[in-house]
Amino acid sequence: MQAPETDGPVMIPPELKWLKWLVIALAGVMIAGFLVLIAAIVIRFDAAPALPLPENLVLPEGADPMAFTQGKDWIAVVTTDDRVLIFGRDGSLRQEMAIE
């Protein structure tokens, strides 16, 4: 089966021209939004941490870290042997608690 032959250029209805431009605009907005999202992620990950971490924390013998959190003036490390170690911002051990 052959396509019907036409004698000139095919005319696109005005509604479809409007739809075509809307689709092009939507694609442009989506690309711009994606680029903004990538830029925001790069800027966020490149920023310095809100609270500086000490250069090193010395854990007690046999303690392996499992989780970590921090407050304004303390750092807590949960170990695999069910202990919570509270350090000061200078890296000194303040308190040790056993989890039962």
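Look above for the structure.
Residues numbered from 1 in each chain as written. Predicted model: local features only at pLDDT ≥ 70, side-chain atom pairs only at ≥ 80, totals over all residues. Heavy atoms only, no water.

Colleague: So what exactly am I meant to see when it comes to the overall build of the chain here?
Modeller: When helices and strands are tallied, the chain shows one helix and four strands. Helices and strands in the chain line up, N terminus first, as α-β-β-β-β. Looking at the 100 residues of the chain, the share that counts as buried comes to 14%. At a minimum sequence separation of 6, the contacts of the chain that also span at least 24 residues come to 12%. Carbon and sulfur atoms make up 66% of the accessible area of the chain, which totals about 8700 Å². (Helix = DSSP H or I, 4+ residues; strand = E, 2+ residues; numbered from the N terminus. Buried < 20%, exposed > 50% of the residue type's maximum accessible area, 1.4 Å probe, protein only. Contact = heavy atoms within 4.5 Å. Areas by Shrake-Rupley, 256 points an atom, 1.4 Å probe, with all protein chains shown as cover.)

Colleague: Any chance you could explain the packing of aromatic side chains here in plain terms?
Modeller: By convention here, two paired aromatic rings are described through the distance between centres and the angle between planes. In total, this model carries zero aromatic pairs according to the counting rule given. Sitting over the face of the ring of Trp21, Lys20 holds its NZ or CZ atom 5.6 Å from the ring centroid. (Phe/Tyr/Trp six-rings, centres within 6.5 Å; stacked < 30°, edge-to-face > 60°. Lys NZ or Arg CZ within 6 Å of the ring centre and 35° of its normal.)

Colleague: For this particular structure, what's the right way to read the sheet that holds strand β4 (residues 93–98)?
Modeller: Strands pair in a sheet through their backbones, by hydrogen bonds, and they do so in one of two ways: parallel or antiparallel. Ordered in space as β1-β2-β3-β4, the four strands form an open sheet in which the pairing is antiparallel. Two strands lie at the open edges of the sheet, namely β1 (65–70) and β4, each paired on one side alone. Averaged over all adjacent pairs, the angle separating strand axes in this sheet is 20 degrees, with direction ignored. Taken together, the five bridges between strand β3 (residues 83–88) and β4 define a ladder with antiparallel strand orientation. Bridging across to β4, Val84 finds its partner in Met97. (Pairing = 2+ DSSP bridges. Axes fitted to C-alpha atoms, helices over the stretch in contact; angles between N-to-C directions.)

Colleague: In this structure, what is going on with the side chain of Thr79? I would like to understand it.
Modeller: Positionally, Thr79 belongs in strand β2 (residues 74–79). A relative accessible area of 0% places Thr79 in the buried class. Discounting residues that sit within four places of it in the chain, Thr79 has contacts with Ala63, Asp64, Pro65, Met66 and Leu85.

Colleague: What am I meant to see in a nonpolar patch on the surface here?
Modeller: A grouping of Ile31, Phe34, Leu35, Leu37, Ile38, Ile41, Val42 and Phe45 is seen on the molecular surface, where their side chains present a nonpolar patch of about 850 Å² in accessible area. On the basis of relative accessibility, which here comes to 71%, the residue Phe45 falls in the exposed class. (Patch = residues over 30% accessible without salt bridge, like charges linked within 9 Å, V, L, I, M, F, W, Y side chains within 5 Å. Salt bridge = Lys/Arg side-chain N within 4 Å of Asp/Glu carboxyl O.)

Colleague: Would you take a moment to explain the pairing of β2 for this structure?
Modeller: In the case of a regular strand, side chains alternate between the two sheet surfaces. One ladder, built from five bridges, connects β1 with β2; its direction is antiparallel. Note on β2: the bridge partner recorded for Thr69 is Ala76. As consecutive antiparallel partners, β1 and β2 are separated by three residues. Across five bridges, the pairing between β2 and β3 is antiparallel. Residue pairing in the sheet places Ala76 in a bridge with Ile86 of β3.

Nothing here speaks to function; it is geometry throughout.
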